[in-house]
Protein chains: 2
Amino acid sequence: MGALEKTVKRITGLDEAAMAAARRRQDTLTKPLGSLGRLEEISVHLAGIFAQPIPIPRGKTIILGAADHGVADEGVSAYPREVTAQMVLNFLRGGAGINVLARYVGAEVVVVDAGVAAELPSHPALHSAKVGWGTANIARGPAMSREQAIRAVESGISIAEEAIARGADLIGTGDMGIANTTPSSAIVAAITGREPEVVTGKGTGISEEGLRHKAGVVRQALEVNHPNPSDALDVLAKVGGFEIGLLAGVILGTAASRRVAVLDGFISGAAALIAHGICPRAGDYLVASHLSAEPGHQAVLSNLGLKPLLNLDLRLGEGTGAALSMLVIEAAARCLAEMATFADAGVSEKKAEET
Amino acid sequence: MGALEKTVKRITGLDEAAMAAARRRQDTLTKPLGSLGRLEEISVHLAGIFAQPIPIPRGKTIILGAADHGVADEGVSAYPREVTAQMVLNFLRGGAGINVLARYVGAEVVVVDAGVAAELPSHPALHSAKVGWGTANIARGPAMSREQAIRAVESGISIAEEAIARGADLIGTGDMGIANTTPSSAIVAAITGREPEVVTGKGTGISEEGLRHKAGVVRQALEVNHPNPSDALDVLAKVGGFEIGLLAGVILGTAASRRVAVLDGFISGAAALIAHGICPRAGDYLVASHLSAEPGHQAVLSNLGLKPLLNLDLRLGEGTGAALSMLVIEAAARCLAEMATFADAGVSEKKAEET
């Protein structure tokens, strides 16, 4: 049995008893019933994930997968392909958005070369898991072989496991890859059945004309490759990307270890669809951090039954939304753990409803 | 000239030059143009408030006004009136939601007795600014005199100034007062012209029948008192509350000192309408932290032209939403200050648009 199959077998459901205990405790805390809204929901979700009635997540890690995409040749991105490798260097020097936000929230950033089309320097914060030098052009044929798809996913599983071994309880997904909204749109269209035009957006900022062209490329990728929507590994291999496969593995590895997979935006959402396709129960371990400005992201969240925590019109990727939302998740856990109960505080409870 | 009038005279507009400089810097940072969405907008707003091209807010304070409301006699709240004083004691012991969240975000909490109908113990974290032992019942007559309204507002100004003198750059507004959604709905209806039924909600959790009764009480308060919508102090005196006046003053004092007034939910929103009515320019210094589950809150935000940062279905008050959103505000400032530029990082910029 391969690492992927073993990991999938380890993914079990949420702990209902811990969730019920957390819910009961919420109702004794000194606030009107339900008045902390989604913070209460998150705290109960965390209880189910960690199997603890009063969960306290500790370490935070962003796993940032970087890779190149052959479909960049079709002119689908506003930025030249070499930006992928340049941004990896920027991540390693600490100058990118994710570096700033991860420092602010106290999260570690693990940068992973899942398939950048360049030789990258060795660096303590750079994990090499190169499956190839960029994918093939999905407008002409499959992105990668099924074996490569499995390799990308299994790399993600082991990198998540290493982060968890170092103490991470919240694992955020991040991505960097010029043109990677194109395979993400193809995955979302393939799995959710939406039209390419509905789930394709302007990515880093192309024109209206560029957008029409990009949606056409997505449509062509689906027509050329015929991905099988009920076989997520087939979808990943045919129209995906190396970093997307890696992040799908990160989600599966995180779920198998009963930790929280904090999804970033659209590319992470495409990875979540792949992970969910491989193992639907992994969906129980997902928290959606934010609603991306990319139009396909809502389709992802609806498909997975997720509601984003933040709505800040972010469309940067890198795990920036995931990093920020970790603060909301921690705050939710703190409220459950630290608030006084009505009994402790000597506060009167709600009046009996008059009838 | 009174303290209120002097403060209003000190409130001037945002610094347009600093905002333009911040906007220019955003466009040189290593990310697709505009891809940090609202974080970019906030950073530019902060530049205008602090009159600095790269603003870094430091200290954070929540000013939590507590008071009682005569209209509680009409049975408009799910909780008995003594909960106001009991919760003040809970704030002082650190057991309430705002205590937990303020600790988490590193904010000081200043609890202010603006008019609690009980003798409260002296305590280093409790500021006494009692304007009365609860307001009069607005369903029967005015809440307070115009002199009391001015006194409440001026207390808020001086408490904000003290917090700023101690180093606060972000001032969050918080409230506690059993029945205080009722005067807030009355203020919102009076100033925005919406029907009482549209801007009255379930507060701490009353029944559908209770909600109909409460909206009727709001309507009655408006009919009995005839507040003048173009005279915000008249609205405050006729149908407001002591903590609402205090928070209006906090906003004015914060704006006069060029700091950020971080609004919590519905009651803070009613206070912001009063502050804005007294001095429209104070609106430039407001950041809306979250969209409350109270239906009238959207009317407040529309009226003030504000967009909330968080949408977490909170309806606790106390400044909980303000505390959480301070993290988003700080993160926004950090991105502007700390991200590398394209030139520094050697990252290629956007391709020229093909024509």
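Predicted, not measured: the structure shown is a model, and the values here were computed from it. (Residues numbered from 1 in each chain as written. Chains lettered and ligands numbered in written order. Predicted model: local features only at pLDDT ≥ 70, side-chain atom pairs only at ≥ 80, totals over all residues. Heavy atoms only, no water.)

Focus: the relation of the copies chain A and chain B
Of the transformation placing chain A onto chain B, the axial shift is 0.0 Å and the rotation is 180°, giving an RMSD of 0.0 Å. Such a turn and shift between the copies fits a two-fold axis. Considering only C-alpha atoms, the residue of chain A closest to the rotation axis is Leu310 of chain A, which sits at 3.0 Å. Residue by residue, 100% of the interface of chain A is reproduced at the interface of chain B, so both copies engage with the same surface. (Least-squares fit on C-alpha atoms with pLDDT ≥ 70 in both. Contact = heavy atoms within 4.5 Å.)

Things to note about the interface of chain A and chain B
Interface size, as often reported, equals the accessible area lost upon joining of the parts. Of the residues lining the interface, 59 residues belong to chain A; the matching set on chain B comes to 60 residues. Between chain A and chain B, a total of about 5100 Å² is buried, with carbon and sulfur atoms accounting for 59% of that surface. Per-residue buried area on chain A facing chain B is highest for Tyr79, Tyr104 and Leu312 of chain A; these three make up 13% of the total on that side. At the boundary of chain A and chain B, one finds four salt bridges. (Buried area = accessible area lost by both parts, 1.4 Å probe. Salt bridge = Lys/Arg side-chain N within 4 Å of Asp/Glu carboxyl O.)

Some words on the pairing of strand E2 (residues 108-115) of chain A
Residue and element names in this part refer to chain A. Within E2, seven of the eight residues are buried, which leaves it mostly tucked inside the rest of the structure. Pairing of strand E1 (residues 59-67) with E2 involves seven bridges; the strand directions are parallel. In the sheet register, Ala66 faces E2, and the bridge partner there is Asp113. Summarising the sheet, E2 and strand E3 (residues 126-128) pair through three bridges and their orientation is parallel. (Buried < 20%, exposed > 50% of the residue type's maximum accessible area, 1.4 Å probe, protein only. Helix = DSSP H or I, 4+ residues; strand = E, 2+ residues; numbered from the N terminus. Pairing = 2+ DSSP bridges.)

With respect to the nonpolar core
Residues Leu39 of chain A together with Leu39 of chain B are the most contacted members of the largest nonpolar core, which totals 284 residues. Setting aside residues no more than four positions away along its own chain, Leu39 of chain B makes contact with Leu101, Leu312, Leu314 and Leu324 of chain A together with Gln26, Val328 and Ala332 of chain B. (Core = buried A, V, L, I, M, F, W, Y, C linked by side-chain atoms within 4.5 Å.)

Considerations on unusual backbone geometry
Residue and element names in this part refer to chain A. With a phi angle near 45°, His226 is a residue other than glycine that sits in the positive phi range. Among the structural elements, His226 can be located in the loop between helix H9 (208-225) and helix H10 (232-239). A positive phi angle, close to 55°, is found at Arg258, a residue other than glycine. With respect to the element layout, Arg258 can be found in the loop between helix H11 (242-256) and strand E5 (260-263).

Concerning the side chain of Ser257 of chain B
Residues and elements named next belong to chain B. Assignment of secondary structure puts Ser257 in the loop between helix H10 (242-256) and strand E5 (260-263). For Ser257, a relative accessible area of 15% corresponds to the buried category. Each residue touching Ser257, except ones within four places of it in the same chain, is listed here: Arg10 and Ile164.

Some points on helix H3 (residues 37-50) of chain A
Because each turn of an α-helix spans 3.6 residues, side chains separated by three or four positions end up pointing in the same direction. All names here are of chain A. The end-to-end C-alpha separation of H3 is 21 Å, in line with the 20 Å expected for 14 residues at 1.5 Å each. Burial within H3 is extensive, with 13 of its 14 residues counted as buried. At the C-terminal side of H3, Ala51 shows a positive phi close to 55°. (Expected span 1.5 Å × (residues − 1).)

A look at the sheet that holds E3 of chain A
All names here are of chain A. Ordered by their spatial adjacency, six strands build an open sheet running E3-E2-E1-E4-E5-E6, and the pairing between neighbours is parallel. Strand pairing shows two members of the sheet lacking a second neighbour, E3 and strand E6 (286-288), which therefore form its edges. With direction set aside, neighbouring strand axes in the sheet form an average angle of 25°. Relative to strand E4 (residues 168-176), E1 runs parallel, the two sharing eight bridges. Directly across from Ile62, in E4, lies its bridge partner Gly172. Packed on one face of the sheet, helix H14 (residues 320-338) meets E1, E4, E5 and E6 and runs near 160° to E4. (Axes fitted to C-alpha atoms, helices over the stretch in contact; angles between N-to-C directions.)

What is shown is where atoms sit, not what they do.
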